[in-house]
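# Coordinates in review
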Amino acid sequence: MRLAWVVMAMSMVAQAAPSATAADGRIRVQLMSRHAVTLSSEIPAKISAMPVVEGGGFRRGQPLVEFDCSSYRAQLRKAQASLEAASQLLKVNNQLAKYNSVGTLELTQVQGKAKEAAADASYAQTLVSKCSIAAPFDGRVAKRSAAVHQYVNPGNPILDIVDSDSLELRMLVPSKWLATLKPGSRFTVAVDELGASFPARIERLGAQIDPVSQTILAIGVIDGKAANLLPGMSGWASFK
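Keep in mind it's a predicted model, so treat the numbers as computed, not measured.

## Focus on the overall build of the protein
A tally of regular secondary structure across the protein gives 3 helices and 14 strands. Scaling as 2.2 N^0.38, a compact globule of 240 residues should have a C-alpha radius of gyration of about 18 Å, whereas the protein reaches 29 Å, well beyond that. Put simply, the protein has 240 residues, and 31% of those count as buried. Long-range contacts, defined here as pairs at least 24 residues apart, represent 72% of the contacts in the protein between residues at least 6 apart.

Written as structure tokens, this is what we have:
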């Protein structure tokens, strides 16, 4: 019974996998971004600004999402004031301790309150630091899942961003090609959406062979710059 289930599962996997090789030996290929992430909030807050529109470009470090954090900043100021007061009290008690004018227990309690105030201030500062989401790399906005003035909770998706300049060509090639296909092997990729061909080369190969389809992942890159290429495009790779 178990053997039959395994055979059936392998058959389903084989049917789900797209045909990788055409009759003339071409390989189906898809362009994917090396850096593609969904940005979300780490704090519950209302979005105050999203300066980059869908399709718009940005540079690394540029603010992509800003939140209304007036309450968090107020908490920070309160925590900083408490820390300053606790630090002054500790300073006075340390001076008194030199003249044995304060008990050990009282001094220990003051030290503990100073540490607690420092921890509260550090926590408040951490919250305020999350009031803006900066771009982790150069790229473009692929999708906006939230809007300005919308209240979001931690983990809610806000922006999908991609690095459209760092593209990979992903394809499944027959495992028997491993005898000749190596990193650096050159090929030509014809992109369906553009009706144009580009020179490319294999950058690296997958770590294992699929036992059902007898294929292995091959990842290539376009030689040179091609500004009109976008993630999600697809085409055919032709090897000599």
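## Observations regarding the state of the cysteines
Inspection of every chain in the model, using the stated rule, returns 1 disulfide. C69 shares a disulfide with C131; S-S distance 2.0 Å. What sets the handedness of the C69 and C131 disulfide is the S-S torsion sign, and at about -110 degrees it is left-handed. Residue C69 is located in the loop between β5 (63–68) and α2 (70–98), and its partner C131 is located in the loop between α3 (104–129) and β6 (132–134); the two are separated by 62 residues in the primary sequence. Of the residues examined, C69 reaches a relative accessible area of 1% and is grouped as buried.

## Comments concerning the packing of aromatic side chains
In the structure shown here, the tally under the stated rule is 2 aromatic pairs. Where W177 meets F239, the ring centres are 5.4 Å apart and the plane angle is 75 degrees; that geometry is what we call edge-to-face. Of this pair, W177 sits in the loop between β10 (167–174) and β11 (186–191) while F239 sits in strand β14 (residues 234–239), and the two are 62 residues apart along the sequence. Classification of F239 as partly exposed rests on a relative accessible area of 21%. Looking at R26, its charged tip hangs above the ring of W236, at a distance of 4.6 Å from the centre.

## A few points about the layout of surface pockets
Counted as a void, the largest pocket has a volume near 250 Å³. The wall of the largest pocket is formed by 14 residues, among which D165, S166, L167, I222 and G224 lie closest to the centre. Of all the elements in the fold, those that place two or more residues in the lining of the largest pocket are β12 (196–210) and β13 (215–222). Broken down by class, the residue content of the lining of the largest pocket amounts to 6 nonpolar, 3 polar and 5 charged.

## Let's talk about the confidence of the model for the protein
The share of residues in the protein with pLDDT of 70 or more is 90%, and the mean pLDDT across the chain is 88. Low pLDDT (under 50) marks residues 1–19, which in the prediction has 3 contacts with non-local residues, meaning those over four places away or in another chain.

Rules used in this analysis
Residues numbered from 1 in each chain as written. Predicted model: local features only at pLDDT ≥ 70, side-chain atom pairs only at ≥ 80, totals over all residues. Heavy atoms only, no water. Helix = DSSP H or I, 4+ residues; strand = E, 2+ residues; numbered from the N terminus. Rg over C-alpha atoms; globule rule 2.2 N^0.38 Å. Buried < 20%, exposed > 50% of the residue type's maximum accessible area, 1.4 Å probe, protein only. Contact = heavy atoms within 4.5 Å. Disulfide = S-S within 2.5 Å. Phe/Tyr/Trp six-rings, centres within 6.5 Å; stacked < 30°, edge-to-face > 60°. Lys NZ or Arg CZ within 6 Å of the ring centre and 35° of its normal. 1 Å grid on protein atoms, 1.4 Å probe; cavity = no way out; pocket = protein on both sides within 12 Å on 5 of 7 lines; lining within 4 Å. Points joined across faces, edges and corners; volume = space filled by probe spheres on them. Nonpolar A, V, L, I, M, F, W, Y, C, P; charged D, E, K, R; others polar. pLDDT = per-residue confidence, 0-100.

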